[in-house]
Amino acid sequence: MSGYETHLHNHAEDHGVVSKPTFRSRAKEFIEFHDQVETSVRLLDSLESFLSTFQRDLSAVSGQISELQERSTDIENRLKSRRRIEKPLSSLISDLTIPPTLATTLLDTEVGEAWMPAVADFEKRLDALRARSRVKAARELADMVEALRIVTATKLRAFFLALLNTIRNSVTTNMQVLQSAGFLKYRALFGFLKRQAEPVAKEIQESYIAAARTYYETAFRRYIRSLGSLRARVTEKFESIATMSAEDDGIRVDFERLTYAKLDGPGVILAYQADDKAHKEPLEAILRSLFLVLMDNATAEYSFVASFFFVEPLGPSPSIGELEAAQLSVMLEPHDRKEIDDSDSAADSEARTPVPNSGVVGSQGLGILATMDKAERTELGSIWKKIFDPSLEYTKTFLGSVIEPLPPATPLLTMVRLTEAVTAEVQKRQCSPLETFFFTMRLQLWPVFQKVISEHCDSLKKLSDRPSGYFSKAPVTTDALVLNICKCYINLFQSLVLLTEQSEETMIFSNLFRLQQELNKLILRHTEQITDPVAKATKQSSIYEVLLQGLIKGTHLTAHPKAQGELGFWTQKEEGARRIIISAGKRRQLTS
């Protein structure tokens with residue numbers, strides 16, 4: 001028995017646990033149990049060692065996680081900071097670079113639709129480089145960008161000056177087509193020159209003024225020459241009411257000629273019509289054609305000058321991405337732009353008569369006019385006058401040939417009303433210099449009208465006045481003469497009233513009142529040679545009756561109060577004559 005077994009045995013006996021035979025019989029079990037215990041202890045020691053190591057490793061991992069968390073927080077903060085400067089930095093980099101595609105477009109291609117987004121992009125970058133002149137990269141790029149600006153301005157100068165060749169070479173070129181399809185289409189490119197190369201823009205403006213001035217001067221000179229041929233064929237001239245003859249079929253107002261007082265009347269006379277030697281036109285129709293052609297061309301030109309030469313300041317620029325997308329879309333579009341040539345012009349007229357356009361020229365021009373200050377309007381008027389001064393002088397000279405020798409009163413008032421209608425339309429189109437011109441034309445026509453009516457009144461006064469000298473001979477009046485004067489008076493009165501819309505217009509009705517009083521004096525003067533009161537009153541009544549019948553025929557044409565007043569005046573005169581006849585008849589019955 002080993003010492004350990006002996007120790008266990010003695011211990012068991014001392015405590016009375018087992019007897020010696022029992023212990024020995026179970027010694028093997030105790031030994032196995034002891035081995036198991038030792039094995040467990042060793043395992044526990046190993047586990048303790050493992051746990052200690054794991055705890056140390058866990059502490060190390062925990063420290064690393066804390067370190068990673070701190071690094072993650074730092075990285076996130078740095079990312080936020082970089083995101084804050086990303087957009088400004090991207091904008092700075094974008095502004096300080098010229099893309100190769102942009103430079104290639106401006107250097108190696110001809111001016112066209114693809115240039116519009118390219119030039120807009122280039123101008124944005126150009127302004128950005130100037131704003132960042134303190135940045136070294138911007139200063140290094142400045143010389144290259146300036147060279148590109150000069151090349152761009154040079155190409156644009158050649159492009160716009162080439163557009164002017166069409167009107168320099170042919171006066172039959174349609175100016176509106178050139179303006180809308182040429183100049184206004186590339187207005188943004190001229191805006192670039194206006195802002196970035198002002199001397200070049202000024203040169204283009206002066207070249208346009210010279211070319212347009214020559215174009216309109218030539219066109220209006222030829223057109224007025226054709227109208228002058230028609231004017232020479234007009235045989236109608238002023239005759240006083242005492243010498244003119246009424247129509248054979250009685251009193252007749254020429255309503256067709258009165259329509260020349262309105263803008264929506266007959267069409268204008270075309271230049272080629274004057275080549276027909278047998279073709280004739282009324283005097284007022286000739287002047288109307290000239291005024292309408294001048295109005296349409298001059299107002300369209302005024303609106304074009306305002307739309308093209310007065311560009312707005314450069315607004316907020318689109319992003320680079322938007323510009324590149326626009327540039328790509330333009331490059332993908334088919335280039336089928338219509339070229340400008342003389343075939344677009346009206347073949348039958350050298351001076352065009354465009355329909356007022358409320359589109360490109362109209363609405364855009366009016367919108368720009370609304371935002372102009374006084375200085376810009378003054379400059380606009382100056383440019384327009386440089387272009388149209390010769391044409392206005394031709395028109396003014398032609399008007400002088402129209403009113404000299406004096407025309408009849410009705411065509412003259414028709415021309416006055418036409419001038420007023422044209423002035424009102426020009427005012428709507430906001431062309432103030434042309435409005436002033438037509439206002440002076442109106443002021444020039446009114447004294448002529450006053451002179452014509454005065455001539456009528458003076459001619460009647462000569463017939464109705466008694467001779468003042470001993471050897472003076474009274475003018476002889478006949479029934480036919482007086483009746484002819486009455487018919488001419490009716491025609492004149494109705495025509496003037498139909499041409500007058502206002503109920504009180506002193507210039508017209510004061511003169512008609514004078515004419516009325518002189519006619520009444522003439523009737524009294526003509527009948528005073530009859531000694532028999534009844535015969536005198538009968539003659540006066542018959543004359544008044546002619547006047548009333550003629551005036552009544554025209555009362556359905558107008559509701560003008562002056563027409564009713566005129567009827568009332570002559571009705572009163574006729575009733576007075578009838579009362580004399582009735583009174584004389586009653587006296588004769590009493591005496592008989």
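Computed from a predicted structure; not experimentally measured.

About the cut-offs
- Residues numbered from 1 in each chain as written.
- Predicted model: local features only at pLDDT ≥ 70, side-chain atom pairs only at ≥ 80, totals over all residues.
- Heavy atoms only, no water.
- Helix = DSSP H or I, 4+ residues; strand = E, 2+ residues; numbered from the N terminus.
- Buried < 20%, exposed > 50% of the residue type's maximum accessible area, 1.4 Å probe, protein only.
- Areas by Shrake-Rupley, 256 points an atom, 1.4 Å probe, with all protein chains shown as cover.
- Phe/Tyr/Trp six-rings, centres within 6.5 Å; stacked < 30°, edge-to-face > 60°.
- Axes fitted to C-alpha atoms, helices over the stretch in contact; angles between N-to-C directions.
- Parallel < 35°, antiparallel > 145°, perpendicular 65-115°, else oblique.
- Contact = heavy atoms within 4.5 Å.
- Nonpolar A, V, L, I, M, F, W, Y, C, P; charged D, E, K, R; others polar.
- Expected span 1.5 Å × (residues − 1).
- Bend = angle between axes of the 7 residues up to and from the residue.
- Polar contact = N/O pair within 3.5 Å; in protein donor to acceptor, adjacent residues only side chain to side chain.
- 1 Å grid on protein atoms, 1.4 Å probe; cavity = no way out; pocket = protein on both sides within 12 Å on 5 of 7 lines; lining within 4 Å.
- Points joined across faces, edges and corners; volume = space filled by probe spheres on them.
- Salt bridge = Lys/Arg side-chain N within 4 Å of Asp/Glu carboxyl O.
- Lys, Arg positive; Asp, Glu negative; His and termini not counted.
- pLDDT = per-residue confidence, 0-100.
- Left-handed = near helix turned anticlockwise from the far one by under 90°.
- Patch = residues over 30% accessible without salt bridge, like charges linked within 9 Å, V, L, I, M, F, W, Y side chains within 5 Å.

A look at the overall build of the protein chain
Step number 1: Along the protein chain, the regular secondary structure elements total 21 helices and zero strands.
Step number 2: Among the 592 residues that make up the protein chain, the fraction classed as buried is 42%.
Step number 3: Carbon and sulfur atoms make up 55% of the accessible area of the protein chain, which totals about 32100 Å².

A look at the packing of aromatic side chains
Step number 1: Applying the stated criterion across every chain, the model contains 29 aromatic pairs.
Step number 2: With a centroid separation of 5.9 Å and 65° between ring planes, the pair formed by Phe-160 and Phe-308 is classed as edge-to-face. Within this pair, whereas Phe-160 is found in helix α6 (residues 136–163), its partner Phe-308 is found in helix α12 (residues 283–308), the two being separated by 148 residues in sequence. Neither residue differs from the other here; Phe-160 and Phe-308 are each classed as buried.
Step number 3: An angle of 85° between the planes, with centres 5.0 Å apart, marks the rings of Phe-308 and Phe-309 as edge-to-face.
Step number 4: A relative accessible area of 1% places Phe-309 in the buried class.
Step number 5: The structure contains a cluster of three or more aromatic residues connected by ring pairs, namely Phe-159, Phe-160, Phe-183, Tyr-186, Phe-190, Tyr-208, Phe-304, Phe-308 and Phe-309.

A short note on the packing of α12 against helix α16 (residues 409–428)
Step number 1: One can describe the packing of α12 onto α16 by two numbers: an axis separation of 10 Å at closest approach and a directional angle of 10°. Comparing the axis directions of α12 and α16 gives the class roughly parallel. Residues Leu-283, Glu-284, Leu-287, Arg-288, Phe-291, Leu-292, Met-295 and Thr-299 of α12 lie in contact with α16, whose contacting residues are Pro-411, Thr-414, Met-415, Leu-418, Thr-419, Val-422, Glu-425 and Val-426.
Step number 2: Broken down by class, the residue content of the contact of α12 with α16 amounts to 10 nonpolar, three polar and three charged.

What to know about helix α15 (residues 374–402)
Step number 1: Over its 29 residues, α15 runs only 37 Å from end to end, short of the ideal 42 Å by more than 12%, given 1.5 Å per residue.
Step number 2: Considering bend angle alone, the principal kink of α15 is centred on Phe-388 and spans about 55°; proline Pro-390 follows within four residues of it.
Step number 3: One side-chain oxygen at the N-terminal end of α15 lies 3.3 Å from the backbone nitrogen of Ala-375; it belongs to Asp-373.

Focus: the layout of surface pockets
Step number 1: Of the volumes computed, that of the second largest pocket is approximately 460 Å³.
Step number 2: Along the walls of the second largest pocket sit 16 residues, with Lys-262, Arg-417, Leu-498, Leu-499 and Glu-501 positioned nearest its centre.
Step number 3: Top element by residues in the lining of the second largest pocket is α16. It accounts for three residues.
Step number 4: Looking at the lining of the second largest pocket residue by residue, the classes come out as seven nonpolar, three polar and six charged.

Some thoughts on the side chain of Ser-207
Step number 1: For Ser-207, the location among the structural elements is in helix α10 (residues 198–232).
Step number 2: Here the side chain of Ser-207 touches Glu-203 through a polar contact of 2.9 Å, landing on its backbone oxygen.

Things to note about the pattern of salt bridges
Step number 1: Across all of its chains, the model carries 17 salt bridges by this definition.
Step number 2: Where Arg-78 meets Asp-74, a salt bridge forms, and the shortest distance between an N and an O atom there is 4.0 Å. Highlighted residues: Arg-78 and Asp-74, both in helix α3 (residues 27–95), separated by four residues, approximately one helical turn.
Step number 3: Judged by relative accessible area, Asp-74 falls into the partly exposed class, the value being 40%.
Step number 4: Counted as one network, the salt bridges with shared partners bring together Glu-236, Arg-257 and Glu-284.

Focus on the side chain of Arg-231
Step number 1: Within the element layout of this structure, Arg-231 appears in helix α10.
Step number 2: It is Glu-404 that comes nearest to the buried, bridge-free Arg-231 among opposite-charge side chains, at 8.5 Å.
Step number 3: Ignoring any residue separated from it by four or fewer positions in sequence, one finds Arg-231 in contact with Leu-283, Ile-286, Phe-398, Ser-401, Val-402, Glu-404 and Pro-405.

Remarks on the confidence of the model for the protein chain
Step number 1: For the protein chain, mean pLDDT is 81; residues scoring 70 or higher make up 81% of the total.
Step number 2: A low-confidence stretch, residues 316–361 stays under pLDDT 50, and its non-local contacts, those more than four residues away or across chains, total 81 contacts.

Describing the packing of α15 against helix α17 (residues 432–464)
Step number 1: Axis separation between α15 and α17 bottoms out at 10 Å; the angle between their running directions is 20°. As far as their axial angle goes, α17 and α15 are roughly parallel. Considering only the axes of α15 and α17, their crossing is right-handed. Seen from α15, the contacting residues are Gly-381, Trp-384, Lys-385, Leu-392, Thr-395, Lys-396 and Leu-399; seen from α17, they are Pro-433, Leu-434, Phe-437, Met-441, Gln-444 and Leu-445.
Step number 2: Taken together, the residues that form the contact of α15 with α17 break down as eight nonpolar, three polar and two charged.

As for a nonpolar patch on the surface
Step number 1: Residues Leu-44, Leu-47, Phe-50, Leu-51, Phe-54 and Leu-58 make up a contiguous nonpolar surface patch of roughly 620 Å² in combined accessible area.
Step number 2: Along the chain, Leu-44 turns up in helix α3.

Some words on the environment of Ile-508
Step number 1: Assignment of secondary structure puts Ile-508 in helix α19 (residues 506–527).
Step number 2: With 55 residues separating them in the primary sequence, Ile-508 and Ile-453 have C-alpha atoms 9.3 Å apart.
Step number 3: The residues touching Ile-508, leaving out its near neighbours within four places in the chain, are Leu-413, Arg-417, Trp-446, Phe-449 and Thr-500.

A word on unusual backbone geometry
Step number 1: Each neighbour pair has its own omega, and for Glu-404 with Pro-405 the value is 5°, a cis peptide bond.
Step number 2: When you line up the elements, Pro-405 lands in the loop between α15 and α16.

Quick notes on the environment of Ala-409
Step number 1: Position of Ala-409 among the secondary structure elements: in helix α16.
Step number 2: With a relative accessible area of 4%, Ala-409 lands in the buried category.
Step number 3: Ala-409 sits 43 residues away from Val-452 along the chain, and the two C-alpha atoms are 6.1 Å apart.
Step number 4: The contacts of Ala-409, once residues within four sequence positions are left out, are Phe-449, Val-452, Ile-453, His-456, Leu-492 and Leu-496.

What to know about helix α18 (residues 479–498)
Step number 1: The end-to-end C-alpha separation of α18 is 29 Å, in line with the 28 Å expected for 20 residues at 1.5 Å each.
Step number 2: Counting buried positions over the 20 residues of α18 gives 14, a clear majority of the element.

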